[in-house]
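Each chain, written out:
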Amino acid sequence: MAPTFDDGNSLFDFVVKDGNGVKGLVDSGITKVPERFIQPPSERIEKVVQSSKDHFASVPIDLSKLDGPDHDQVVEAIVRAAETLGFFQVINHGVSFDLLESLKNAAQRFFAQPADAKAVYLKRVSPSPFVKYGTSFAPEQEKALEWKDFVSMVYTNDGDAQQHWPKVCKEEALEYLKLSSKMVRRLLEILIGNLGVTLDDSRLESLIGNKIVNMNFYPICPNPELTIGVGRHSDMSILTVLLQDNVGGLYVKLEEDILDGRKEEWMEIPPIPGALVINAGDSLQILSNGRYKSAEHGVRTTSKKSRISIPVFNLPRPTEKIGPLPHVAEVDGGAVYREVMFQEYMSNHVGHAHEGKKSLDFVKVKAN
Ligand code: OGA
Ligand code: NI
């Protein structure tokens, strides 16, 4: 029987505290979105433009060509994408098509479990600091909740992952993390190299050595126009790799310089079978003194089908200092961000509701 939520608190308890998630709410048979999920118009993703077929967001970059005569063009395509939209897609990235399929199935298996099997990983009760299951981004802080459930798995080493990550999805998640990490390392070398800087192995590893795999589940939504799957935000990472299924819904906000005076517009990053989505995060924007764009993005919900996405966040180690690379700041005539330890940046970011790219203000050097 559909539960009756006579007040906002019992709904919050059911979805957030008891771990039923948005999925539990939808499975209970609701036919309209509860008040608590209704976003103010300013938070919805409305003015959307389809990316044209020949736009680089819809034409994946073939990474196998890095090893052939087209090497320079591929490097240029990667750099240009990171400098403009902050998002691009890649194929021949080293993660097999079969693994991508099994990974989506693994995520489906995780969320298909009864609520109490998932609820063991809720914040504060999870038996392990490496796994967290939940809903929305910061439910306690948010006026309107996101239409999304997730499980987050922090990587420290193989032993911890094998021991603590959920059995139903750990093998696939671990394999994905490992294979995609090789590609991320290569992309980072290209992007840093383009800035005229060479970093040694240990610095490169420290910049992306803190890895988290998330599995996101966006249930069918009866009133998609009123809700959001993920609110507008930028990632804290250096680079994020994301696998999405064929449903679609990931949108990037076009920056003012692309828009040329037009109002806010959002462009879809369309699903491409076998491709992975790559985006630059705040840490890369900071490191590059603003040359690479950590794009603001978000997810729309749909009434047609539930959606799965699986990002890997490649983050700096907590004690790593993040600031503009000295050579780049010098060429640019000054650093536009101050240097902070990554864990300071992280503590400022989490615990707040999603607020677009506001997180970067924390390190912005104020103009006199
Ligand atoms: C995220 C995110 C996008 C998606 O988890 O940070 O932006 O398509 N996800 O699920
Ligand atoms: Ni994101």
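Placed above this text is the structure.
Below you will find a few notes about this structure. None of the values given here were measured: they were computed from a predicted structure. (Residues numbered from 1 in each chain as written. Chains lettered and ligands numbered in written order. Predicted model: local features only at pLDDT ≥ 70, side-chain atom pairs only at ≥ 80, totals over all residues. Heavy atoms only, no water.)

Tracing the backbone shows Gln113 in the loop between α4 (97-112) and α5 (115-119). Sequence-wise, Gln113 and Val168 are 55 residues apart; in three dimensions their C-alpha atoms are separated by 9.4 Å. With residues up to four places along the chain from it excluded, the contact list for Gln113 reads Lys118 and Val168. A polar atom in the side chain of Gln113 sits 2.9 Å from the backbone oxygen of Phe110. (Helix = DSSP H or I, 4+ residues; strand = E, 2+ residues; numbered from the N terminus. Contact = heavy atoms within 4.5 Å. Polar contact = N/O pair within 3.5 Å; in protein donor to acceptor, adjacent residues only side chain to side chain.)

Before going further, it helps to examine the coordination of the nickel ion (ligand 2). Within the first shell, the nickel ion (ligand 2) binds the protein through His233 (NE2), Asp235 (OD) and His297 (NE2), at distances of 2.1 to 2.2 Å. For the nickel ion (ligand 2), the donor residues sit on a single chain with the sequence spacing H-x1-D-x61-H. With His233 in strand β7 (residues 230-233) and His297 in strand β12 (residues 297-299), this pair connects stretches of sequence that are 64 residues apart. The two residues His233 and His297 agree in class, both being buried. (Donors = N, O, S within 2.8 Å, 3.2 Å for Na, K, Ca; no water. Buried < 20%, exposed > 50% of the residue type's maximum accessible area, 1.4 Å probe, protein only.)

What follows is about the sheet that holds strand β2 (residues 61-62). In space, the 8 strands of this open sheet follow the order β2-β3-β11-β8-β13-β6-β5-β4, with mixed pairing throughout. Of all the strands in the sheet, just β2 and β4 (131-135) have a single pairing partner and so form its edges. Bridging between β2 and strand β3 (residues 87-91) involves 2 bridges; their strand directions are parallel. By the bridge assignment, Asp62 is partnered in β3 with Ile91. Strand contacts of α4: β4, β5 (149-155), β6 (210-218), β8 (239-244), β11 (276-280) and β13 (307-315), with the helix running at about 65 degrees to β6, the strand carrying the most contacts. Helix-sheet contacts for helix α8 (residues 201-208) involve β6 and β13, and the interaxial angle to β13 is about 140 degrees. (Pairing = 2+ DSSP bridges. Axes fitted to C-alpha atoms, helices over the stretch in contact; angles between N-to-C directions.)

Turning next to the site of ligand 1. Taken together, Asn216, Tyr218, His233, Asp235, Leu242, Leu250, His297, Val299, Arg307, Ser309, Pro311 and Phe313 make up the full set of residues near ligand 1. Between Arg307 and ligand 1, the recorded distance is 2.9 Å, taken from a side-chain N or O atom to an oxygen atom. Between ligand 1 and the protein, one listed contact pairs an oxygen atom with a side-chain N or O atom of Ser309 at 2.6 Å. When ligand 1 is considered free in solution it has 290 Å² of accessible area, and contact with the protein chains removes 95% of it. Looking at the shell around ligand 1, the elements with two or more residues in it are β6, β12 and β13. Classifying every residue of the shell around ligand 1 gives 6 nonpolar, 4 polar and 2 charged. (Near = heavy atom within 4 Å. Areas by Shrake-Rupley, 256 points an atom, 1.4 Å probe, with all protein chains shown as cover. Nonpolar A, V, L, I, M, F, W, Y, C, P; charged D, E, K, R; others polar.)

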